[in-house]
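# Report on the structure
Residue strings, one per chain:
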Amino acid sequence: MASSVDSLFVKAQNTTLPKSLRPTSPPPDNVPKHKHVKDLKLRTKLNRQAAHAARSKALVEDAELLLTNEAGKMQVETELERTWRIGQDDIVQSASQEAAKGRRELKLDGGPYRSRYSRNGRHLAIVGNMGHVATFDWQTGTMHAELQLQETCRDITFLQDQSFFAVAQKKYVFIYDRDGVELHRLKAHIEPTRLEFLPYHWLLASVGNNGFLKYQDTSTGHIVAEHRTKLGACHTLAQNKHNAVLHLGHSNGVVTLWTPNIPHPAVQILAHYGPVVGLSVDPSSGGRYMATSGQDGVVKVWDCRNWKGTVREWTTRGGGAELEWSARGALSVAVGGSVNVYTKPSIQTPHAPKAPPPLYLTHPIPHRPLTSVRFCPFQDILTIGHNAGLSSILVPGVGEPNFDSMEADPFENKKARREREVKGLLDKIQPDMITLDPDFVGALAPPTKLTTAVNDTHDIPFARLPRLERLRVQGKADETELVDDDEDIADGDGDKNAKPQSRMEKEKRKMRGKGKSVKRYLRKQRKNVIDPTAVAIRAKLEKQREEKRVAKAIENGSMEARKPSALDRFRRP
């Protein structure tokens, strides 16, 4: 028992906060002491809060000094020069030795190839259409796994980290570990074409030739949701990293947005007149902009906040294009035999003519077709998959230079990876929280438009009341059983032209339409119930009857009309 306690104590010592973050670290100078406060307990609390605030301010200033890296783009000296005329050889010569390692050509058989980077940008997974699968550390050249599956493979993605990856094979989705050992065969995902992994929800999403979009929780193994798109086979899938909404492009030109908690599309738009072949969402703007490309050769940029038409639209040569946004908002378009890169703000500025935005960089690739484009996180590297393998080019200024080590650390070791995996499991978000507007969490519910208010207190919303109660609140309820016989006789005597009615006729008229069992049950239910709303309605009806009786009496001459007085303005209504 003592040894286990000692081991726990050692683990606690190894996982403590740094000295600069500990509450016992010496606070900065010029911290108020609150000596004028006589209460010792209150003075100690105020001193502790002041020291914590001063320490936090000092840490923020230190963090600003540490984040010195900035994303720098290529700039021209004169207006006649263009950045797209600079080739990869010139960029490699002017870049540092470490950055120049990103420029490489991988000539492989079994293409065309698709690629996927891990979240920290350190590891790369590639898959060929003929069944060649490989994962490796591209910076050190360390190979993790290499497989020859001998069947058609359409897509690949890492799961929570580089330890596991999923492959969309000919019939099912298979999950492998880092060494290439097959762990699971997901039979529910039939004929998958595209894969996406939601890291904060631990969901593996796939869409296939049967038109079904399926979510599977990789931590429990259960199918969370299964949506039938009803739009046929789908070959385009992308996720919005801001709200975890999946964007699907279909063969009829329709783009749909899906969440696991809604069985129908949250948004459905007709983006192109032909099949949608490319789709990507901008992560730098909080998921505000979406780029789509169709088989007709048109590239469109949409504003996801209102969907009121395109922000920018232009035509490319060579048919459908593969699209990908970088972390800094640069859009890569791989079409025909070249890759073009466009930067902000030109691609996000409304432009009426269908002219392409200013080109930032271009690179020709003779190996067609170009099947995938991927930006490496935290690096200025763009990887293009084509028929002859993979090509990686340098695109200055498109990568995010500063990374959060608590989120994705390119230099993490084995222990840090395990701790991050456990923390990710503990902080896993439920699929029901996925929505188009993630800011609804923590917001106040809007007040109902119609409520039953009694003495300025809201009880039940008007729409949730039974029909009889709604009629009572509106003053349309049948309250004839509350009318006395004397009032009916008085009303009948007031009208000289009315025919005299016998007692039987009056009873028959009074009970007209009330012979049903439901109405008899309702009368018994509300006979001895005192409802403030019903009482107010009865008083209102009584007042109307009294006004009607007085008007008839004045008209017959049996009563004189009341003369107006100057004090009437003080009377209550």
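Residues numbered from 1 in each chain as written. Predicted model: local features only at pLDDT ≥ 70, side-chain atom pairs only at ≥ 80, totals over all residues. Heavy atoms only, no water.

## Examining the overall build of the protein chain
Cut-off, in case you're wondering: Counting from the N terminus, the helices are DSSP H or I runs at least four residues long and the strands are E runs at least two residues long. Relative accessibility decides the category of a residue: with a 1.4 Å probe and only protein chains considered, values under 20% of the type maximum give buried, values over 50% give exposed, and everything between is partly exposed.
Scanning the protein chain from terminus to terminus reveals nine helices and 30 strands. Counting only residues that meet the buried cut, the protein chain has 38% of its 573 residues in that class.

## Looking at the packing of aromatic side chains
Quick note on the threshold: Pairing of aromatic side chains here covers Phe, Tyr and the six-membered ring of Trp, requires ring centres within 6.5 Å, and sorts the geometry by plane angle: under 30 degrees stacked, over 60 edge-to-face, intermediate tilted. Only when the NZ atom of a Lys or the CZ atom of an Arg is both within 6 Å of the ring centre and within 35 degrees of the ring normal do we say a charge sits over the ring.
Counted according to the given criterion, the structure contains five aromatic pairs. Judged by centre distance (5.9 Å) and plane angle (65°), the rings of Phe378 and Phe403 are edge-to-face. Here Phe403 lies in the loop between strand E28 (389–394) and helix H4 (414–426) and Phe378 lies in the loop between strand E26 (372–375) and strand E27 (381–386), a separation of 25 residues in the sequence. For Phe378, a relative accessible area of 24% puts it in the partly exposed group. Among the aromatic residues, ring-to-ring pairing joins Phe165, Phe174 and Tyr176 into one connected group. Over the face of the ring belonging to Tyr200 we find Arg119, whose NZ or CZ atom lies 5.2 Å from the ring centre. Of note, Lys214 hangs over the ring of Phe212, and the distance from its end group to the ring centre comes to 5.9 Å.

## Quick look at the nonpolar core
Worth spelling out the cut-off: By nonpolar core we mean a set of buried residues, namely Ala, Val, Leu, Ile, Met, Phe, Trp, Tyr and Cys, connected to one another through side-chain atoms within 4.5 Å. Residue contacts are defined here by distance: any two heavy atoms, one from each residue, within 4.5 Å place the two residues in contact.
Counting 28 residues, the largest nonpolar core has Leu361, Leu382, Ile384 and Val395 as the members making the most contacts within it. Among the secondary structure elements, those contributing two or more residues to this core are strand E2 (113–117), strand E3 (123–128), strand E4 (132–137), strand E24 (338–342), E26, E27 and E28. Those residues within four positions of Val395 in sequence are excluded, and the remaining contacts are Val341, Tyr360, Leu361, Asp380 and Leu382. Membership of the second largest hydrophobic core comes to 27 residues, among which are Ala238, Val255, Val276 and Leu279.

## Things to note about the pattern of salt bridges
Side chains bearing opposite charge may pair, as long as their charged atoms lie close to each other. Which entries qualify depends on this criterion: The term salt bridge refers to a pairing of a side-chain nitrogen on Lys or Arg with a carboxyl oxygen on Asp or Glu at a separation within 4 Å.
Following the criterion strictly, the structure yields 19 salt bridges and no others. With its nearest N and O atoms 3.2 Å apart, the salt bridge here joins Arg122 to Asp137. Residue Arg122 is located in the loop between E2 and E3, and its partner Asp137 is located in strand E4; the two are separated by 15 residues in the primary sequence. Assessed through its relative accessible area of 7%, Asp137 is described here as buried. A salt bridge links Glu226 to Lys214, with the shortest nitrogen-to-oxygen separation between them at 3.7 Å. Here Lys214 lies in strand E12 (residues 212–217) and Glu226 lies in strand E13 (residues 223–228), a separation of twelve residues in the sequence. You can call Glu226 partly exposed: its relative accessible area is 47%.

## Some words on empty space enclosed by the protein
Selection rule: In this analysis, the protein atoms alone were mapped onto a 1 Å grid. Cavities are point sets where a 1.4 Å probe fits without being able to get out; pockets are open sets with protein on both sides within 12 Å along at least five of seven lines; lining residues have an atom within 4 Å of a point. Grid points are joined across faces, edges and corners, and a volume is the space filled by probe spheres set on the points. For this classification, the nonpolar set comprises Ala, Val, Leu, Ile, Met, Phe, Trp, Tyr, Cys and Pro, the charged set comprises Asp, Glu, Lys and Arg, and every other residue, Gly included, is treated as polar.
Taken as a whole and judged by the stated rule, the model has one cavity of 30 Å³ or more. Approximately 40 Å³ is the volume attributed to the largest cavity. Lining the largest cavity are His189, Ile190, Pro192, Ser206, Val207, Gly208, Asn210, Phe212 and Lys214. For the lining of the largest cavity, the element with the highest residue contribution is strand E11 (residues 203–208), accounting for three residues. By residue class, the composition of the lining of the largest cavity is four nonpolar, four polar and one charged.

## Focus on the UniProt feature "repeat: WD" (unreviewed entry) in the protein chain
Quick reminder of the rule: UniProt positions are given in the numbering used here, feature names are shortened, and annotations may be inferred rather than shown by experiment.
As annotated by UniProt and renumbered to match this structure, "repeat: WD" (unreviewed entry) occupies residues 269–303. Counting secondary structure, residues 269–303 comes out at 0% helix and 57% strand; the distance between its end C-alpha atoms is 12 Å.

## Details of the environment of Gly287
Within the element layout of this structure, Gly287 appears in the loop between strand E18 (276–281) and strand E19 (289–294). With near-sequence residues (within four places) excluded, Gly287 lies in contact with Asn240, His242, Val281, Asp282 and Cys304.

## Let's talk about the environment of Gly274
Among the structural elements, Gly274 can be located in the loop between strand E17 (267–270) and E18. According to the relative accessible area criterion, Gly274 is buried, its value standing at 13%. Considering only alpha carbons, one finds Gly274 and His250, 24 residues apart in sequence, at a separation of 9.0 Å. Not counting the four nearest positions on each side in its chain, Gly274 is found in contact with Ser251, Asn252 and Gly253.

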